[in-house]
Amino acid sequence: MGGAVHLDDVLNTCLQSGSLAREEILFLLSRQDSAEIDAIKRCADEVRKVHCGEDVHIRALVEFSNHCRRNCNYCGLRRGNHDLARYRMSVDEIVELAVTLFHKGLMTIVLQSGEDPFYHVDMLSDMVREIKIKTEMAVTMCVGERPHDEFRTLRNAGVDRYLLRHEAANPELYARLHPDSRYDERMGCLAGLRDLGFQVGAGSMVGVPGQTLEHLADDIEFIRQFQPDMVGIGPFIAHPNTPYAGSLNGELDLSLKMVALARIVTRNALIPATTAIGSIQDDGRELALQAGADVVMPNYTPLQYRVHYEIYPNKRCIAEDPVHCHSCMRMRILSVDRTVAEGAGHSRKKADQAGLIPGCRKREGIKSPPLLPRRKSLV
Ligand code: SAH
Ligand code: SF4
């Protein structure tokens, strides 16, 4: 970029549009001064206000199996971790839990697991059909890569959304993190899910070993170009039974900057304040809600299983009972002056395309947030 870059100029670009140049993304990611980081978070919060409003959406997370056939280097569920007690919930248990959660007022269930072929696609489809008959909840799946035909079967069974983080948009970094997964296949799955009409969630970790700001800029550029309906971003947390045992965890400020940038480049994506962010700092989720996030995902996995879904150690909310979770989440949302959303909180991007606007304003009617006055040069 020629000449000195001014933070206020870049932030004004952010307020006006999400089409940031790579140099601008790198410039924002490399800010270290706390006043500058605050300004980036405030900017994302303005964008969130205008494009998403004050509502925070609550998703009920159910981690139904911790078996996994993959060996991702960062994850405690990797098949090489022989010290983990493995569990599977039965379909009846899952459906029963879904019905209970619906009666508590939850409108989205997120069904997450390791990549576990035990759950045949027909089994998952029957389960989703039953949940759809017995509840009015939106169903999100997060069960890893599957063949396209299986994605289609799941979509036909009524699955509304699919979370499949891209993990690393940089192919070399992706290969280093994943000894037995292929970058092209991951990206192919994301494109396939979109083609099938799912609301698609992508995302990545911050601070994985070997990751640079350039890699993070690749992630933001990928998110800007792919425009996922949902974006999950959280810090990497080192697990002792993985090749990354003893590595440094991802940093809070950098994670928050990434959440802010995801908001800025997507405008209206649904962005969770992740459990991982809440796990590295007590009020991490509240800080994420103030840096662009608009979703929380309280954990409703039955307690006897929850401790074993250890993708990383010292996960938040490992022992809280569900009644407590519900009120705790509401309290956290209200504590940052936000409102609790009613309804399923479907993708605003899909709503734009379909001309439907459940709980969100039409994009062309949205004005840019007010711009910042030009201040002193920061570099
Ligand atoms: N098996 C599925 C979903 C379960 S893992 C899948 O891989 O898509 C859900 C997410 O947890 C992963 O996408 C990854 O980004 C995150 N994760 C795994 N290990 C982690 C760690 N050590 N620290 C932080 N996040 C982690
Ligand atoms: Fe399995 Fe997902 Fe963990 Fe990889 S990230 S080891 S696919 S659970």
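Remember, predicted model here, so these are calculated numbers, not experimental data.

J.: Account for the overall build of the chain, naming residues and giving values.
T.: Scanning the chain from N- to C-terminus turns up 15 helices and 9 strands. In terms of C-alpha radius of gyration, the chain reaches 20 Å, essentially the compact-globule figure of 21 Å for 379 residues. Considered along the principal axes of its C-alpha atoms, the chain spans approximately 60 × 45 × 40 Å. Across the 379 residues that make up the chain, the buried fraction comes to 59%. Restricting to contacts in the chain with at least 6 residues of sequence separation, those with at least 24 account for 76%. Averaging the positions of the 47 positive and the 50 negative side-chain charges in the chain gives two centres separated by 3 Å.

J.: Give a description of the site of ligand 2 that names residues and reports values.
T.: Contacts to ligand 2 come from Cys-68, Arg-70, Cys-72, Tyr-74, Cys-75, Leu-77, Arg-78 and Gly-114. Each residue belonging to the shell around ligand 2 can be placed in one class, and the counts come to 5 nonpolar, 1 polar and 2 charged.

J.: Account for the site of ligand 1, naming residues and giving values.
T.: Every one of the 17 residues lining ligand 1 counts as a neighbour, but Tyr-74, Ser-113, Arg-165, Glu-167 and Ile-237 are closest to it. Note that a nitrogen atom of ligand 1 is positioned 3.1 Å from one of the backbone N or O atoms of Ser-113. For ligand 1, an oxygen atom lies 3.0 Å from a polar atom in the side chain of Arg-165. Starting from 550 Å² of accessible surface for ligand 1 in isolation, the protein chains cover 92%. When grouped by side-chain class, the residues that make up the shell around ligand 1 number 10 nonpolar, 4 polar and 3 charged.

J.: Talk me through the pairing of strand β2 (residues 60-65); I want residue IDs and the actual numbers.
T.: Counted residue by residue, β2 has 6 buried out of 6 residues, so it is predominantly covered. As defined by bridge partners, β2 adjoins strand β3 (residues 108-113) across 5 bridges and the pair is classed as parallel. Bridge pairing links Ala-60 to Ile-109 in β3. Handedness of the β-α-β unit built from β2, helix α4 (residues 91-103) and β3 comes out right-handed.

J.: Tell me about the environment of Glu-115, residues and numbers included.
T.: Summarising the element assignment, Glu-115 is placed in the loop between β3 and α5 (121-134). Taking the C-alpha atoms as reference points, Glu-115 and Cys-68, 47 residues apart in sequence, are found 4.6 Å from one another. Among residues more than four places away in sequence, those in contact with Glu-115 are His-67, Cys-68, Arg-69, Arg-70, Val-143, Gly-144, Glu-145 and Arg-186. A distance of 2.8 Å separates a polar atom in the side chain of Glu-115 from a polar atom in the side chain of Arg-70. In this structure the side chain of Glu-115 is engaged in a polar contact, spanning 2.9 Å, whose partner is the backbone nitrogen of Glu-145.

J.: Which residues make up the sheet that holds strand β8 (residues 295-296), and what values do they have?
T.: Taken together, the 3 strands give an open sheet; going across it, the order is β8-β1-β9, and neighbouring strands pair in parallel fashion. Only two strands of the sheet have a single partner each, and these edge strands are β8 and β9 (339-340). Judged from the 2 bridges that link them, strand β1 (residues 55-58) and β8 form a sheet pairing that is parallel. Across the sheet, the residue bridging to Ile-58 is Val-296, located in β8.

Each value, and the rule that gives it
- Residues numbered from 1 in each chain as written.
- Chains lettered and ligands numbered in written order.
- Predicted model: local features only at pLDDT ≥ 70, side-chain atom pairs only at ≥ 80, totals over all residues.
- Heavy atoms only, no water.
- Helix = DSSP H or I, 4+ residues; strand = E, 2+ residues; numbered from the N terminus.
- Rg over C-alpha atoms; globule rule 2.2 N^0.38 Å.
- Buried < 20%, exposed > 50% of the residue type's maximum accessible area, 1.4 Å probe, protein only.
- Contact = heavy atoms within 4.5 Å.
- Lys, Arg positive; Asp, Glu negative; His and termini not counted.
- Charge placed at Lys NZ, Arg CZ, Asp CG, Glu CD.
- Near = heavy atom within 4 Å.
- Nonpolar A, V, L, I, M, F, W, Y, C, P; charged D, E, K, R; others polar.
- Polar contact = N/O pair within 3.5 Å; in protein donor to acceptor, adjacent residues only side chain to side chain.
- Areas by Shrake-Rupley, 256 points an atom, 1.4 Å probe, with all protein chains shown as cover.
- Pairing = 2+ DSSP bridges.
- Right-handed = clockwise from strand over helix to strand, strands pointing away.

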